[in-house]
Amino acid sequence: VSPLHLKSVQGVPGKKLVQDATYADWWIIQFGKAPLNDVRVRKALYYCFNKKAMNAASFAGLGKSSWNPFKFTRAFNGAEGPNSYDPEKAKSLLKAAGAKNITVPITGIQGYQDSTNQGAIIQQGLEAAGVKSSFTSLPIAQWLDITYTKGSWEGIAFNAGNVPYPYKNFFDYMVDPSTLLSKFTGGKSPLPKIATLYNNVEAAPITSAK
């Protein structure tokens, strides 16, 4: 259940609400093209991310932001990180860097509401700092093409996934029950050591990552 909808499922008789999350979203930077190939510009844009507003819009305030505004993690423990939002400071730093009339497009993913919510807030921050910006939401196939396939996106692009490293998913993909059957036993029983490891992973309790 999305954090935005938690209140609607709280207090249901006979049900227990367990809050847990391993989801994170962040914004990937196009280092290979102007203007974000200039570290001074990137440092200036640090102050265009209103993390408090992004948290409220995407995670009902239940998220936990890192020190880096380009990354935002949904977690139900921990306080909100420092909010470095200051578009006037960004504008000053851009001026000092000689970055005039720059444009930073924003690309989201259709179906990912957090990308839409945060994209609008980031666009406001950029424009408040005098940066031209626009938000586009792409189908996942097109997004994959310009990011992981071609690396051709402009400005910043939304990304999301599980954290920490999704070892459980990886293990499932590589060693799911259908691959545990040994050809040496005629496919009648799994390889004992692999089966034991798999079962241990399955039974392991979910703990917060440090």
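Residues numbered from 1 in each chain as written. Predicted model: local features only at pLDDT ≥ 70, side-chain atom pairs only at ≥ 80, totals over all residues. Heavy atoms only, no water.

A.B. asks: If you had to explain the nonpolar core to someone new, which residues and values would you point to?
C.D. replies: Formed by 32 residues in total, the largest nonpolar core has its most connected members in Trp-27, Leu-45, Ile-122, Leu-126, Val-131 and Ile-156. The set of elements that each furnish at least two residues to this core consists of strand 1 (23–29), helix 1 (39–45), helix 2 (51–59), helix 3 (87–96), strand 4 (106–109), helix 4 (113–128), helix 5 (140–149) and strand 6 (156–162). With residues up to four places along the chain from it excluded, the contact list for Ile-122 reads Trp-27, Cys-48, Phe-49, Met-54, Ile-106 and Ile-156. (Core = buried A, V, L, I, M, F, W, Y, C linked by side-chain atoms within 4.5 Å. Buried < 20%, exposed > 50% of the residue type's maximum accessible area, 1.4 Å probe, protein only. Helix = DSSP H or I, 4+ residues; strand = E, 2+ residues; numbered from the N terminus. Contact = heavy atoms within 4.5 Å.)

A.B. asks: Account for the environment of Leu-45, with residues named and values stated.
C.D. replies: In this structure, Leu-45 sits in helix 1. Put simply, Leu-45 and Leu-94 are 49 residues apart on the chain and 8.4 Å apart in space, counted from C-alpha to C-alpha. Excluding residues that lie within four positions of it along the chain, Leu-45 makes contacts with Leu-36, Val-104, Leu-126 and Val-131.

A.B. asks: Explain the pairing of strand 4 residue by residue, including any values.
C.D. replies: If a strand is regular, its side chains alternate between the two faces of the sheet. Side chains Ile-106 and Gly-108 project from strand 4 onto one buried face, and the interleaved Thr-107 and Ile-109 project onto a second face that is buried too. In the sheet, strand 4 pairs with strand 5 (residues 135–138) via 4 bridges, with the strands oriented parallel. Along strand 5, the bridge assignment pairs Thr-107 with Thr-136. (Pairing = 2+ DSSP bridges.)

A.B. asks: Kindly report on the packing of helix 2 against helix 4, identifying the contributing residues and their values.
C.D. replies: With their axes 9 Å apart at the nearest point, helix 2 and helix 4 run at an angle of 155° to one another. With respect to their mutual orientation, helix 2 and helix 4 come out roughly antiparallel. Crossing handedness for the pair helix 2 and helix 4: right-handed. Between helix 2 and helix 4, the residues in contact are Ala-53, Met-54, Ala-57, Ser-58 and Phe-59 and Asp-114, Asn-117, Gln-118, Ile-121 and Ile-122, respectively. Split into classes, the residues belonging to the contact of helix 2 with helix 4 amount to 6 nonpolar, 3 polar and 1 charged. (Axes fitted to C-alpha atoms, helices over the stretch in contact; angles between N-to-C directions. Parallel < 35°, antiparallel > 145°, perpendicular 65-115°, else oblique. Left-handed = near helix turned anticlockwise from the far one by under 90°. Nonpolar A, V, L, I, M, F, W, Y, C, P; charged D, E, K, R; others polar.)

A.B. asks: Could you give me a rundown of helix 3, with the residues and numbers involved?
C.D. replies: If you check which residues of helix 3 are buried, you get Pro-87, Ala-90 and Leu-94. One face of helix 3 carries all of its buried residues, which in axial projection span an arc of 50°. In helix 3, those exposed residues whose orientation departs by more than 90 degrees from the buried face are Glu-88, Lys-95 and Ala-96. For helix 3, the secondary structure elements touched by its buried residues are helix 1 and helix 4. (Arc of directions from axis to C-beta.)

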